[in-house]
Amino acid sequence: MQRPTRRAGRDDVADLIARDIQAGLHGRGAWLKQIDLQKGYSATRIEIRRALDRLVLRRLVQHEHNKGYRVYAPDENHTDQIRDVRVVLETAAAERILETVDAAAIEELRNLARRFADLLMTGTLLQQYEANLAFHHRMAQLCPNRELADLVMEYRGRGASAPLTQWSTRARIEKSAREHMEIVEALAARDLPRLKLVVAAHIRQVEASETEASSQAGRFSPA
């Protein structure tokens, strides 16, 4: 494990560990020994424990009772199935949102999308994650069908976090930021077909043009 050039403070040790997980220094499924982390990040036992608990909440790390902490290791087939369900749920929610969303809510979403984009240059990985989650939480809150909105957030929480499975490159994170703005602009234009395509592309992590081709081929059915 590469050691940081400065001592990790209480507030940023989780960011340092998250950065190293994304960089592959801690591989998927690898056990994270607290004593090694204390030495590697020049942190106290309490600081490491708090950082690991924070990373558990972000689905970068999983805690196994009586065993310890290890890097989250999603099953690829299960992840694909969750994405399929999310496409159905979130495109359905997008349609309902479009029916009732007003200009003020659209502007709020636009500001949340800008916040995420701004953090690409100045924020930590966890700050980016939290800004991304804030955008999607607000989207779900705007869905007038509360049962559908709850299902959307439930399935968003079933997989690994975006930094672990989706944000594998800087270009992919930047694309996510552009997709947030495309979702907002589709809402503002009341363009349902485009909205569904962008939402599906955002979930599947492919270009909207690819998603459109997939839709025509019957790979998924926008709700």
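The paragraphs below set out a description of the structure included in this document. Bear in mind that the values here come from a model prediction, so they are computed numbers and not experimental data. (Residues numbered from 1 in each chain as written. Predicted model: local features only at pLDDT ≥ 70, side-chain atom pairs only at ≥ 80, totals over all residues. Heavy atoms only, no water.)

1. With respect to helix H1 (residues 13-22)
Taken across its 10 residues, H1 has 8 buried, putting it largely inside the fold. Among the residues making up H1, those that are buried are Val13, Ala14, Asp15, Leu16, Ile17, Ala18, Asp20 and Ile21. Just past H1, the residue Gly24 takes up positive phi, approximately 90°. (Buried < 20%, exposed > 50% of the residue type's maximum accessible area, 1.4 Å probe, protein only. Helix = DSSP H or I, 4+ residues; strand = E, 2+ residues; numbered from the N terminus.)

2. A few points about the pairing of strand E2 (residues 61-64)
On any regular strand, side chains alternate: one points to one face of the sheet, the next to the other face. Pairing of E2 with strand E3 (residues 68-71), which is carried by 4 bridges, proceeds in the antiparallel orientation. Opposite Val61, over in E3, you have Val71 as the bridge partner. Counting the residues that bridge the hairpin from E2 to E3 gives 3 residues, and of these Asn66 lies at a positive phi of roughly 65°. (Pairing = 2+ DSSP bridges.)

3. Observations regarding unusual backbone geometry
Only a minority of non-glycine residues have a phi that is not negative, and only a minority of peptide bonds are not trans. Of note in this structure, Ser42 is not a glycine but carries a positive phi near 50°. Examined against the element boundaries, Ser42 turns out to sit in the loop between helix H2 (34-40) and helix H3 (45-57). Under the relative-accessibility criterion, Ser42 is labelled partly exposed at 38%. The phi torsion at Asn66 lies on the positive side, around 65°, for a residue other than glycine. Secondary-structure assignment places Asn66 in the loop between E2 and E3. Of the residues examined, Asn66 reaches a relative accessible area of 72% and is grouped as exposed.

4. A word on the packing of helix H6 (residues 125-141) against helix H9 (residues 170-189)
Put simply, H6 and H9 touch, their axes get as near as 12 Å, and they point 20° apart. Judged by the inter-axis angle, H6 sits roughly parallel to H9. The way H6 lies across H9 gives a crossing that is left-handed. From H6, Gln128, Asn132, Phe135, His136 and Met139 reach across to H9, where they touch Ile173, His180, Ile183, Val184 and Leu187. Among the residues making up the contact of H6 with H9, the classes are represented as 6 nonpolar, 4 polar and no charged. (Axes fitted to C-alpha atoms, helices over the stretch in contact; angles between N-to-C directions. Parallel < 35°, antiparallel > 145°, perpendicular 65-115°, else oblique. Left-handed = near helix turned anticlockwise from the far one by under 90°. Contact = heavy atoms within 4.5 Å. Nonpolar A, V, L, I, M, F, W, Y, C, P; charged D, E, K, R; others polar.)

5. Let's talk about helix H7 (residues 146-156)
Looking only at H7, the buried set comprises Leu148, Ala149, Val152, Met153, Tyr155 and Arg156. Summarising the axial view, the buried residues of H7 lie within an arc of 165°, below the 170-degree limit, and thus occupy one face. The inward-facing, buried residues of H7 abut helix H4 (76-100) and H6. For H7, the capping residue at the N-terminal end is Asn145, with a side-chain oxygen 3.2 Å from the backbone nitrogen of Glu147. (Arc of directions from axis to C-beta. Polar contact = N/O pair within 3.5 Å; in protein donor to acceptor, adjacent residues only side chain to side chain.)

6. Topic: the side chain of Arg156
Structurally, Arg156 can be placed in helix H7. One buried charged residue, Arg156, forms no salt bridge at all, with the nearest opposite charge on Glu90 at 4.2 Å. Among residues more than four places away in sequence, those in contact with Arg156 are Arg59, Arg86, Glu90, Asn132 and His136. (Lys, Arg positive; Asp, Glu negative; His and termini not counted. Salt bridge = Lys/Arg side-chain N within 4 Å of Asp/Glu carboxyl O.)

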